[in-house]
Amino acid sequence: QQPVQSPQAVILREGEDAVINCSSSKALYSVHWYRQKHGEAPVFLMILLKGGEQKGHDKISASFNEKKQQSSLYLTASQLSYSGTYFCGTGLIQGAQKLVFGQGTRLTINP
Amino acid sequence: EPEVTQTPSHQVTQMGQEVILRCVPISNHLYFYWYRQILGQKVEFLVSFYNNEISEKSEIFDDQFSVERPDGSNFTLKIRSTKLEDSAMYFCASTLNTEAFFGQGTRLTVV
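This structure is a prediction, so every number in the text was calculated from the model and none was measured.

### Overview of the overall build of chain A
And then number 1: Helix and strand content of chain A: zero helices and 11 strands.
And then number 2: Each helix and strand of chain A, ordered N terminal to C terminal, gives the series β-β-β-β-β-β-β-β-β-β-β.
And then number 3: Relative to the 2.2 N^0.38 estimate, which gives 13 Å for 111 residues, the radius of gyration of chain A is 13 Å and therefore close to what a compact globule would have.
And then number 4: Reported as C-alpha extents along the three principal axes, the dimensions of chain A are approximately 40 × 25 × 20 Å.
And then number 5: Expressed as a percentage of the 111 residues in chain A, the buried residues total 49%.
And then number 6: For chain A, restricting intrachain contacts to residue pairs at least 6 apart in sequence, the fraction spanning at least 24 positions comes to 55%.

Written out as structure tokens, the structure is:
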């Protein structure tokens, strides 16, 4: 069963913050975040593993609450380049495996 | 930086024809995947491949589809007798362990 992302779409002005959530009905081992621009491949952002960790680079960070089976992606002081569709992909086991993706969250950043 | 490469970038084919989509995964990666994305929808898992055999496949991956690793570098997806509903973006991905990297995709249009 696919994870559920919320919200489905977000429109922000440059410099504003956004949070994108990803919830699963299954116990997760990993959550993988990707950003996809129109007509392009999904680009890997980060992976969070079981253990409830938090990660980040630049102004994009994420958390993973394995008990709640949820992950959140935080984008702070958004830039125009952050526009795109964000997908979470979930993994159930350790190591290499297929990813089950959510339906995506379309983020639009306006000047 | 190593990347997954896919060819062709765009393929137009007549309904009923066979197509072969090609991928060159990152050279030291061991696990290979094909995903599909119908326009505007989420990325869907088709098949995973490890140690020269299919390790998992989705219900989408029926007898119409097959995968091969004909040599040490290429990984192909063959679609026999294409249908209109096969029109989609097909992504190849590879991973060494956990982080999956996607190719730029092949846009398949069945007419």
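There's plenty left to go through after this.
### Quick word on the sheet that holds strand S3 (residues 18-23) of chain A
Backbone hydrogen bonds are what pair the strands of a sheet, in a parallel or an antiparallel way.
All names here are of chain A.
And then number 1: Taken in spatial order, the five strands make up an open sheet running S1-S3-S8-S7-S6, and their pairing is antiparallel. The open sheet is flanked by strand S1 (4-6) and strand S6 (54-57), the only strands paired with a single partner. The sheet shows a mean angle of 15 degrees between the axes of neighbouring strands, taken without regard to direction.

### Section: the pairing of strand S7 (residues 60-65) of chain A
Residues and elements named next belong to chain A.
And then number 1: Bridge analysis of S6 against S7 gives four bridges, and the strand direction is antiparallel. Bridging across to S7, lysine 55 finds its partner in alanine 62.
And then number 2: With six bridges joining them, S7 and strand S8 (residues 70-75) adopt antiparallel strand pairing. Pairing of serine 63 across the sheet is with serine 72, part of S8.

### Here's the deal with the environment of Gln103(A)
And then number 1: Its location among the elements puts Gln103(A) in the loop between strand S10 (100-101) and strand S11 (105-110).
And then number 2: For the pair formed by Gln103(A) and Pro3(A), sequence separation is 100 residues and the distance between their alpha carbons is 7.8 Å.
And then number 3: Residues contacting Gln103(A), with those up to four places away along its chain left out, are Gln2(A), Pro3(A), Val4(A), Gln5(A), Gln8(A), Phe87(A) and Lys42(B).
And then number 4: A polar contact is formed between the side chain of Gln103(A) and the backbone oxygen of Gln5(A), at a distance of 2.9 Å.

### Observations regarding empty space enclosed by the protein
Residues and elements named next belong to chain A.
And then number 1: According to the stated counting rule, one finds one cavity of 30 Å³ or more in the structure shown.
And then number 2: Within this model, the largest cavity holds a volume of roughly 50 Å³.
And then number 3: Elements represented by at least two residues in the lining of the largest cavity include exactly strand S4 (30-36) and strand S5 (43-49).

### Re the nonpolar core
For soluble globular proteins, nonpolar side chains are generally found buried alongside one another.
And then number 1: Counting residues in each nonpolar core, the largest one holds 22 residues, and the members touching the most others are Trp34(B), Leu46(B), Val67(B), Phe75(B), Leu77(B) and Tyr90(B).
And then number 2: Those residues in contact with Leu46(B) that lie beyond four places of it in its chain are Trp34(B), Tyr35(B), Arg36(B), Glu56(B), Lys57(B), Ser58(B), Ile60(B), Phe61(B), Leu77(B) and Tyr90(B).
And then number 3: Core analysis: the second largest hydrophobic core is formed by 21 residues, Cys22(A), Leu48(A), Tyr86(A) and Cys88(A) among them.

### Thoughts on unusual backbone geometry
And then number 1: Residue Pro7(A) is reached from Ser6(A) by a cis peptide bond, and omega for that bond is -10 degrees.
And then number 2: Here Pro7(A) is to be found in the loop between S1 and strand S2 (9-13).
And then number 3: Between Thr7(B) and the following residue, Pro8(B), the backbone shows a cis peptide bond with an omega angle of -10 degrees.
And then number 4: Residue Gln69(A) is not a glycine yet carries a positive backbone phi of 55 degrees.
And then number 5: Topologically, Gln69(A) is positioned in the loop between S7 and S8.
And then number 6: At Asn51(B), a residue that is not glycine, the phi angle is positive and equals roughly 55 degrees.

Conventions and cut-offs
Residues numbered from 1 in each chain as written. Chains lettered and ligands numbered in written order. Predicted model: local features only at pLDDT ≥ 70, side-chain atom pairs only at ≥ 80, totals over all residues. Heavy atoms only, no water. Helix = DSSP H or I, 4+ residues; strand = E, 2+ residues; numbered from the N terminus. Rg over C-alpha atoms; globule rule 2.2 N^0.38 Å. Buried < 20%, exposed > 50% of the residue type's maximum accessible area, 1.4 Å probe, protein only. Contact = heavy atoms within 4.5 Å. Pairing = 2+ DSSP bridges. Axes fitted to C-alpha atoms, helices over the stretch in contact; angles between N-to-C directions. Polar contact = N/O pair within 3.5 Å; in protein donor to acceptor, adjacent residues only side chain to side chain. 1 Å grid on protein atoms, 1.4 Å probe; cavity = no way out; pocket = protein on both sides within 12 Å on 5 of 7 lines; lining within 4 Å. Points joined across faces, edges and corners; volume = space filled by probe spheres on them. Core = buried A, V, L, I, M, F, W, Y, C linked by side-chain atoms within 4.5 Å.

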